[in-house]
Amino acid sequence: MADHGLYVYAVIRSGQRLPANARGVGGPPAAPRILREGAIAAVVSDAPPQLRARRRDLLAHQELLLALSEDGPVLPMRFGVVATDEQALREQLAEAGTRHLATLEQLAGRVEFNLKAVAAQNALAALVREDPAIRQLREDARHRPGYAADLRLGEAVATALSRRAAEAGTHVVRELTSLAHAVAAGPEVQGCAVNASFLVDRDDVEHFTATARQLAFTHHERAELRLAGPLPCYSFVAGQIPAPTAVT
Amino acid sequence: MTMTTTTYSDEVVCRPRAGTLYDVLELILDRGMVIDVFVRVSLVGIEILKIDARIVVASVDTYLRFAEACNRLDLERDSGSTTIPELLGGGVAKSVGKRKVKRAAESVGDTVRKAVGGSDDEDTEEEAEEQEQPRRRAPARSSATKRRRAEA
């Protein structure tokens, strides 16, 4: 087989084993293996030729990380990291071993939850009811219909919907932050008023999700909340776990 | 165990979707650890994210649709049935009552007529009634004009 490098999935503690039926990226799926270097280890497989961010490979990456997370703390790699060869990877592991081990300790027994808030699907009626400025624009557009009036009304509605979703999302993030060990702002996602990740103790998962559900109900006329998890701790691998302060 | 995603809507429905990628795609692609000296797969051309409610795309088109939906809201009656995806998807055309379509077409038609200097020529494209895409409003005008005259 031609050598395309080593695909790196995660860094784990040396003592941890591969989950049963572990499958890697590529078609047919590559067989993952563990490369131990002192107290830490990397989960790797041969990298497939022409690796791209395909759905199949993204899923393989994600599912292997999820399975690994069941058995111990995991430092998930971002999708698509390939080491040139085993030697280069071993050097990296040896060099950063202490730091990785410290981060693994911090993540032990914890999982990530990701919260996204988008404008609620039925937000329009509530908005028109509650916002006098929108009501006025709507009246204007009715009494003096026309392109310009419609444009003014529509723009005001679009702006207000996203503002209300962001307000609700920020409030929800603030509430959930008090139940999390850490919180990190997620990458900006189009259409998403809020995108934030929480580091949650496994013992608190039930309470966390129940609270999220309650908050979702409270804010349902402003934002629709999407909670994903438990996830591998993608957002908390930096070593220094950010203080649990509110993100916007 | 697989990851689950829960969407909380107004009914607080829990919809676990095992193995769902797209709710966390940006985390897989944009978070997680990188090692600088290693190669990383190119993400050029990747279509990064699609969130269900594709809302608030700042464009004239979107604004006009919001305005239309807003205008046909009946606040006294149940008005919770208009969903944002419906607004932004093609489905809007089907859910709009003919009366309201005519109303929208009229107002656009009036504006266009003023803009072009008020020729009241009419043609007979009845099928225009089914075309409510914004870029097709010109034919809808003539149809609406014709119907209004018929009612007058």
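About the criteria used
Residues numbered from 1 in each chain as written. Chains lettered and ligands numbered in written order. Predicted model: local features only at pLDDT ≥ 70, side-chain atom pairs only at ≥ 80, totals over all residues. Heavy atoms only, no water. Helix = DSSP H or I, 4+ residues; strand = E, 2+ residues; numbered from the N terminus. Contact = heavy atoms within 4.5 Å. Areas by Shrake-Rupley, 256 points an atom, 1.4 Å probe, with all protein chains shown as cover. Buried < 20%, exposed > 50% of the residue type's maximum accessible area, 1.4 Å probe, protein only. Polar contact = N/O pair within 3.5 Å; in protein donor to acceptor, adjacent residues only side chain to side chain. pLDDT = per-residue confidence, 0-100. Expected span 1.5 Å × (residues − 1). Salt bridge = Lys/Arg side-chain N within 4 Å of Asp/Glu carboxyl O. Axes fitted to C-alpha atoms, helices over the stretch in contact; angles between N-to-C directions. Parallel < 35°, antiparallel > 145°, perpendicular 65-115°, else oblique. Nonpolar A, V, L, I, M, F, W, Y, C, P; charged D, E, K, R; others polar. Core = buried A, V, L, I, M, F, W, Y, C linked by side-chain atoms within 4.5 Å. Phe/Tyr/Trp six-rings, centres within 6.5 Å; stacked < 30°, edge-to-face > 60°. Pairing = 2+ DSSP bridges.

1. What to know about the overall build of chain A
Part 1 of the reasoning: Looking only at helices and strands, chain A features 6 helices and 9 strands.
Part 2 of the reasoning: Sequence-distant contacts in chain A: of pairs separated by 6 or more residues, those separated by 24 or more amount to 77%.
Part 3 of the reasoning: Here chain A has roughly 10700 Å² of accessible surface; of this, 48% comes from carbon and sulfur atoms.

2. Concerning the overall build of chain B
Part 1 of the reasoning: Counting its secondary structure elements, chain B contains 6 helices and 2 strands.
Part 2 of the reasoning: N-terminal to C-terminal, the α/β element order of chain B is β-α-β-α-α-α-α-α.
Part 3 of the reasoning: Within chain B, the fraction of its 152 residues that count as buried is 38%.
Part 4 of the reasoning: Considering only contacts in chain B between residues 6 or more positions apart, those separated by 24 or more positions represent 41%.
Part 5 of the reasoning: Carbon together with sulfur atoms contributes 51% to the accessible area of chain B, which is approximately 8300 Å² in total.

3. Side note on the side chain of Glu 26 of chain B
Part 1 of the reasoning: The topology assignment puts Glu 26 of chain B in helix α1 (residues 25–30).
Part 2 of the reasoning: In this structure the side chain of Glu 26 of chain B is engaged in a polar contact, spanning 3.0 Å, whose partner is the side chain of Asn 195 of chain A.

4. Some details on the side chain of Asp 57 of chain A
Residue and element names in this part refer to chain A.
Part 1 of the reasoning: With respect to the helices and strands, Asp 57 occurs in helix α1 (residues 55–69).
Part 2 of the reasoning: Separated by 3.0 Å, the side chains of Asp 57 and Arg 56 make a polar contact.
Part 3 of the reasoning: Contact partners of Asp 57, with chain neighbours within four places excluded, come to Val 25, Gly 26, Leu 51, Arg 52 and Phe 79.

5. A word on the environment of Arg 138 of chain A
Part 1 of the reasoning: Inspection of the secondary structure assignment puts Arg 138 of chain A in helix α4 (residues 132–143).
Part 2 of the reasoning: Separated by 11 residues in the primary sequence, Arg 138 of chain A and Ala 149 of chain A place their C-alpha atoms 8.4 Å from one another.

6. A look at the confidence of the model for chain B
Residues and elements named next belong to chain B.
Part 1 of the reasoning: Of the residues in chain B, 24% have a pLDDT of 70 or more, and the chain-wide mean is 52.
Part 2 of the reasoning: Model confidence for chain B, summarised as mean pLDDT per element, is weakest for helix α5 (residues 98–116) at 37 and strongest for α1 at 86.
Part 3 of the reasoning: Low pLDDT (under 50) marks residues 90–152, which in the prediction has 59 contacts with non-local residues, meaning those over four places away or in another chain.

7. Focus on helix α2 (residues 60–71) of chain B
Residue and element names in this part refer to chain B.
Part 1 of the reasoning: With 12 residues, α2 extends 16 Å between its outermost C-alpha atoms, agreeing within 8% with the 16 Å of an ideal straight helix rising 1.5 Å per residue.
Part 2 of the reasoning: Of all 12 residues in α2, 10 are buried, a share of seventy percent or more.
Part 3 of the reasoning: Those residues of α2 lying buried are Thr 62, Tyr 63, Leu 64, Arg 65, Phe 66, Ala 67, Glu 68, Ala 69, Cys 70 and Asn 71.

8. A few points about the pattern of salt bridges
Residues and elements named next belong to chain A.
Part 1 of the reasoning: In this structure the tally under the stated criterion is 16 salt bridges over all chains.
Part 2 of the reasoning: In this structure, Arg 90 and Glu 86 form a salt bridge, with 3.2 Å as the shortest nitrogen-oxygen distance. Linking Arg 90 with Glu 86, this pair stays in helix α2 (residues 86–107), spanning 4 residues, or about one helical turn.
Part 3 of the reasoning: Three or more residues are tied together by salt bridges with common partners; here these are Glu 130, Asp 131, Arg 163, Arg 164, Glu 167 and Arg 222.

9. Looking at the confidence of the model for chain A
Part 1 of the reasoning: For chain A, the mean per-residue pLDDT works out to 90, and 95% of the residues sit at or above 70.
Part 2 of the reasoning: Below pLDDT 50 for its whole length, residues 242–248 of chain A participates in 19 contacts with residues either more than four positions away or in separate chains.

10. Some points on the packing of helix α3 (residues 123–130) of chain A against helix α5 (residues 147–177) of chain A
Residues and elements named next belong to chain A.
Part 1 of the reasoning: As a packed pair, α3 and α5 sit with axes 11 Å apart at the nearest point and diverge in direction by 100 degrees. The angle between α3 and α5 falls in the class roughly perpendicular. On the side of α3, the interface is formed by Ala 123, Leu 124, Ala 126, Leu 127 and Glu 130, while α5 contributes Val 157, Ala 160, Leu 161 and Arg 164.
Part 2 of the reasoning: Its residues placed into classes, the contact of α3 with α5 shows 7 nonpolar, no polar and 2 charged.

11. Some thoughts on the nonpolar core
Part 1 of the reasoning: The biggest cluster of nonpolar side chains holds 44 residues, and the ones touching the most others in it are Leu 115, Ile 134, Val 157, Leu 161, Leu 176 and Phe 198 of chain A.
Part 2 of the reasoning: For this core, the secondary structure elements donating two or more residues are β6 (110–119), α3, α4, α5, β8 (194–201), α6 (205–218) and β9 (223–231) of chain A together with α2 of chain B.
Part 3 of the reasoning: With 11 residues, α5 of chain A is the single largest residue contributor to this core.
Part 4 of the reasoning: Ile 134 of chain A has contacts with Leu 127, Val 128, Leu 153, Ala 156, Val 157 and Ala 160 of chain A together with Cys 70 of chain B, leaving out every residue within four places of it along the chain.
Part 5 of the reasoning: Listed in part, the 29 residues of the second largest apolar core include Tyr 9, Leu 65, Phe 79 and Leu 231 of chain A.

12. Focus on the packing of aromatic side chains
All names here are of chain A.
Part 1 of the reasoning: Evaluated as defined, the whole model comprises 4 aromatic pairs over all chains.
Part 2 of the reasoning: Here the aromatic rings of Phe 113 and Phe 208 are separated by 5.3 Å at their centres, their planes lie at 40 degrees, and the arrangement is tilted. Of this pair, Phe 113 sits in strand β6 while Phe 208 sits in helix α6; the two residues are 95 residues apart in sequence, bridging distant segments of the chain.
Part 3 of the reasoning: On the accessibility criterion, Phe 113 (2% relative accessible area) is buried.
Part 4 of the reasoning: Ring pairs connect the aromatic residues Tyr 7, Tyr 9 and Phe 79, which therefore count as one cluster.

13. Topic: the pairing of β8 of chain A
Successive side chains on a regular strand alternate, one facing one side of the sheet and the next facing the other.
All names here are of chain A.
Part 1 of the reasoning: In terms of residue burial, β8 counts as a mostly covered element, since 7 of its 8 residues are buried.
Part 2 of the reasoning: Note: strand β7 (residues 182–185) against β8, 4 bridges, orientation antiparallel. Of the residues in β8, the one forming a bridge with Ala 185 is Ala 196.

14. Some points on unusual backbone geometry
Residue and element names in this part refer to chain A.
Part 1 of the reasoning: Cis geometry is found at the peptide bond from Gly 27 to Pro 28, where omega equals -5 degrees.
Part 2 of the reasoning: Relative to the helices and strands, Pro 28 resides in the loop between β1 (6–13) and β2 (33–37).
Part 3 of the reasoning: Pro 230 follows Gly 229 through a cis peptide bond whose omega is 0 degrees.
Part 4 of the reasoning: One can find Pro 230 in strand β9.
Part 5 of the reasoning: A positive phi angle, near 60 degrees, is found at Asn 21, a position not held by glycine.
Part 6 of the reasoning: Positionally, Asn 21 belongs in the loop between β1 and β2.

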